[in-house]
Amino acid sequence: MSPGFGKGQGDKRETLNGSCEAFEGDGQNLVTEDVTVVEGDVATISCRVKNSDDSVIQLLNPNRQTIYFRDFRPLKDSRFQLVNFSNSELRVSLTNVSISDEGRYFCQLYTDPPQEIYTTITVLVPPRNLVIDIEKETAVEGEEIELNCTAMASRPATTIRWFKGNKELTGKSEVERWSDMYTVTSQLLLRVGREDDGVPVICLVDHPAVKDLQTQRYLEVMYKPQVRVSQNYPLQGLTREGEPLELTCTAFGKPQPTDMRWLRVDDEMPQHVVVSGSNLLISNLNKTDNGTYRCEASNAVGKSHADYMLFVYDTTATTEPAVHGFTQLPNSAEELDYGDLSDSRAGEEGAIRSVDHAVVGGVVAVVVFAMLCLLIILGRYFARHKGTYFTHEAKGADDAADADTAIINAEGGQNNSEEKKEYFI
């Protein structure tokens, strides 16, 4: 209910679409709508009459000063301009709206009894400034940095959202009120890695007075080198005795690595190995060169390395290794997350051992099969001759009076001895 200005004022109600109406039974009624406007824009106030009978319409400001009486403007404020006047409508525009213009404006209709209704002007103020402050201009991988985004002097208070690239992050906001304005500051704590270098961090504002208001800062992250070893020669082939081997080491980091060196792990570098900058050359391989060769690189952040495991084959070797001898050994648990370089000589040696085991297994199987065949043949042979032996051993034993006589008869006995004759010439 709005305050009345005369006797017998009618009721006021707000409709579903935000308009307000004042009713007097079946008689005349006033209709208006609330207005929301961005500071500096134009607000339009409309006082409309249903069932008009040419009664006078007037518009008053929040201080109840008459802005327009019919089509006459008593108030000396040129920002108010008549847009439309008729028996059923009084429409007035207010240009360059400011916060001081906010409040209730009254539509009055001089009837008997008189009618009055009010409309509310709400002024939105977008943030005047949006700034990101970063704790460190340059961070080191693994550090947690603090970023603050401030949206100043808005109305109503704004909502701040954070994004890193396309991923939304969660910050913590604080709101301060100064008179009719609000200043919002959002804090974001972010742990950075090497993958964040050059990625934009975006502060975006949600506010009814403005769309797509945002600002951003690009992260600058320093990190230890990433080291890679590549085999230039032989390309995808065996490292055989008498042939050359050429390796190249490359390193990327921020700042760019300035110190790079080759060494042999757990042994001295052979005298015939030539190191030239990032290249390592062995012109004539031999088996004494077997071992792990390491390329180390360092910068202001730290040191990293990559290993190459060399195995020299005989000149007659024809089997291609499954994997060549590159390895990247992490210097710390953190480096396991970056997936630097993956080939390993262990895979090559495992493949060779698998081939050797297969060959040995085949040979053993053939030998076992041959021995089984030989045992079967010998078994049959002994079984056949063993029966013949038993027959001769028992010969003459059937007629023997006792066991001794049987043995003598089986071995030939006296009878047989008589049959054996020797002749001397």
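Worth saying up front: this structure is predicted, and the values here are computed from it rather than measured.

## Focus on the overall build of the protein chain
Moving on, step 1. Scanning the protein chain from N- to C-terminus turns up three helices and 28 strands.
Moving on, step 2. Every one of the 425 residues in the protein chain was classed for burial, and the buried ones make up 37%.
Moving on, step 3. Intrachain contacts of the protein chain at a sequence separation of at least 6 include 60% that bridge at least 24 residues.

## Remarks on the pairing of strand β8 (residues 80-85)
Moving on, step 1. The pairing of β8 with strand β9 (residues 89-94) spans five bridges and is antiparallel. Paired with Phe-80 across the two strands is Leu-94, which belongs to β9.
Moving on, step 2. Where β8 folds back on β9, the antiparallel hairpin that results is connected by three residues.

## Observations regarding the nonpolar core
Moving on, step 1. By size, the foremost hydrophobic cluster in this structure holds 27 residues, and its most contacted members are Leu-59, Ile-67, Phe-80, Leu-90, Tyr-105 and Ile-121.
Moving on, step 2. Elements that contribute at least two residues to this core include exactly β4 (35-38), β5 (43-50), β6 (56-60), β7 (66-69), β9, β10 (103-110) and β11 (115-124).
Moving on, step 3. By residue number, the principal contributor to this core is β5, which donates four residues.
Moving on, step 4. Aside from chain neighbours lying at most four places away, what touches Ile-121 is Val-35, Val-37, Ala-43, Ile-45, Asp-101, Glu-102, Gly-103 and Tyr-105.

## Focus on the state of the cysteines
Linking two cysteines covalently through their sulfur atoms gives a disulfide.
Moving on, step 1. Tallied over the full model, the rule gives three disulfides.
Moving on, step 2. Between Cys-47 and Cys-107 runs a disulfide, and the two sulfur atoms are separated by 1.8 Å. Judged by the sign of its S-S torsion, about -70°, the bond between Cys-47 and Cys-107 is left-handed. Linking Cys-47 in strand β5 with Cys-107 in strand β10, this pair joins segments that are 60 residues apart in sequence. In this pair, the class of Cys-47 matches that of Cys-107, namely buried.
Moving on, step 3. Here Cys-249 engages in a disulfide with Cys-295; their sulfurs sit 1.9 Å apart. Its S-S torsion of about -80° marks the bond between Cys-249 and Cys-295 as left-handed, since a negative value means left-handed. In this pair, Cys-249 is assigned in strand β22 (residues 245-254) and Cys-295 in strand β26 (residues 291-298), connecting sequence segments 46 residues apart.

## Looking at the sheet that holds strand β19 (residues 200-207)
Moving on, step 1. Judged by pairing direction, the sheet is antiparallel, and its four strands sit side by side in the order β16-β15-β19-β20 without closing on themselves. Pairing within the sheet leaves two strands with one partner each, and these edge strands are β16 (167-169) and β20 (210-218). Each strand of the sheet is rotated relative to its neighbour by a mean of 30°, with strand direction disregarded.
Moving on, step 2. In terms of strand pairing, strand β15 (residues 159-164) meets β19 through six bridges, oriented antiparallel. Residue pairing for β19: Lys-164 is matched across the bridge by Val-201.

## Description of the confidence of the model for the protein chain
Moving on, step 1. Residue-level pLDDT values for the protein chain average 81, and 74% of them are 70 or greater.
Moving on, step 2. Of the regions scoring below 50 in pLDDT, residues 387-394 engages in two contacts with residues more than four places distant in sequence or in other chains.
Moving on, step 3. In the model, residues 413-425 has pLDDT below 50 throughout and makes five contacts with residues more than four positions away in sequence or in other chains.

## Overview of a nonpolar patch on the surface
Moving on, step 1. Side chains of Val-360, Val-364, Val-368, Leu-372 and Leu-375 sit close together on the surface and give an oily, nonpolar patch of about 450 Å² of accessible area.
Moving on, step 2. Mapped onto the fold, Leu-375 is located in helix α1 (residues 345-393).
Moving on, step 3. Relative accessible area serves as the criterion here: at 56%, Leu-375 is assigned to the exposed category.

## Description of the packing of aromatic side chains
Moving on, step 1. Under the counting rule described, the total for this entry stands at three aromatic pairs.
Moving on, step 2. Plain terms: the ring middles of Phe-106 and Tyr-118 are 6.3 Å apart, the flat faces sit at 70° to each other, and that makes the pair edge-to-face. Here Phe-106 is found in strand β10, whereas its partner Tyr-118 is found in strand β11, with 12 residues between them in sequence.
Moving on, step 3. Taking relative accessible area as the criterion, Tyr-118 reaches 14% and is therefore assigned buried.
Moving on, step 4. The ring of Tyr-118 carries the charged tip of Arg-104 above its face, separated from the ring centre by 4.0 Å.

## Description of the side chain of Ser-304
Moving on, step 1. Relative to the helices and strands, Ser-304 is located in strand β27 (residues 303-310).
Moving on, step 2. Among the polar contacts made by the side chain of Ser-304, one reaches the main-chain carbonyl oxygen of Pro-225 at a distance of 2.8 Å.

## Section: the pattern of salt bridges
Moving on, step 1. Here the structure, examined in full by the defined rule, presents 20 salt bridges.
Moving on, step 2. With a closest N to O distance of 3.0 Å, Glu-89 and Arg-91 form a salt bridge.
Moving on, step 3. One salt bridge in this structure joins Lys-164 and Asp-196, with 3.0 Å as the shortest N-O distance. Here Asp-196 lies in the loop between β18 (181-191) and β19 and Lys-164 lies in strand β15, a separation of 32 residues in the sequence.
Moving on, step 4. The buried category is assigned to Asp-196, whose relative accessible area is 4%.
Moving on, step 5. Because the salt bridges share partners, they merge into one network encompassing Asp-77, Arg-79 and Asp-101.

## Quick word on the sheet that holds β4
Moving on, step 1. In spatial order, the strands read β4-β11-β10-β6-β7; together these five strands make up an open sheet with mixed pairing. Every interior strand has two partners, whereas the edge strands, β4 and β7, have only one. Looking at each pair of strands side by side, their axes are set apart by 20° on average, direction ignored.
Moving on, step 2. Bridge count between β4 and β11: four bridges; the pairing is parallel. Along β11, the bridge assignment pairs Val-38 with Leu-124.

## Topic: unusual backbone geometry
Moving on, step 1. Geometrically, the link from Asp-112 to Pro-113 is a cis peptide bond, its omega value of -5° lying close to zero.
Moving on, step 2. In this fold, Pro-113 is placed in the loop between β10 and β11.
Moving on, step 3. Between Tyr-233 and Pro-234 the backbone carries a cis peptide bond, its omega angle lying at -5°.
Moving on, step 4. Mapped onto the fold, Pro-234 is located in the loop between β21 (221-233) and β22.
Moving on, step 5. For Arg-70, which is not glycine, the phi torsion reads 55° and is therefore positive.
Moving on, step 6. The topology assignment puts Arg-70 in the loop between β7 and β8.
Moving on, step 7. Of note, the phi angle at Asp-212 is positive, near 55°, even though the residue is not glycine.
Moving on, step 8. Among the structural elements, Asp-212 can be located in strand β20.

What counts and what doesn't
- Residues numbered from 1 in each chain as written.
- Predicted model: local features only at pLDDT ≥ 70, side-chain atom pairs only at ≥ 80, totals over all residues.
- Heavy atoms only, no water.
- Helix = DSSP H or I, 4+ residues; strand = E, 2+ residues; numbered from the N terminus.
- Buried < 20%, exposed > 50% of the residue type's maximum accessible area, 1.4 Å probe, protein only.
- Contact = heavy atoms within 4.5 Å.
- Pairing = 2+ DSSP bridges.
- Core = buried A, V, L, I, M, F, W, Y, C linked by side-chain atoms within 4.5 Å.
- Disulfide = S-S within 2.5 Å.
- Axes fitted to C-alpha atoms, helices over the stretch in contact; angles between N-to-C directions.
- pLDDT = per-residue confidence, 0-100.
- Patch = residues over 30% accessible without salt bridge, like charges linked within 9 Å, V, L, I, M, F, W, Y side chains within 5 Å.
- Areas by Shrake-Rupley, 256 points an atom, 1.4 Å probe, with all protein chains shown as cover.
- Salt bridge = Lys/Arg side-chain N within 4 Å of Asp/Glu carboxyl O.
- Phe/Tyr/Trp six-rings, centres within 6.5 Å; stacked < 30°, edge-to-face > 60°.
- Lys NZ or Arg CZ within 6 Å of the ring centre and 35° of its normal.
- Polar contact = N/O pair within 3.5 Å; in protein donor to acceptor, adjacent residues only side chain to side chain.

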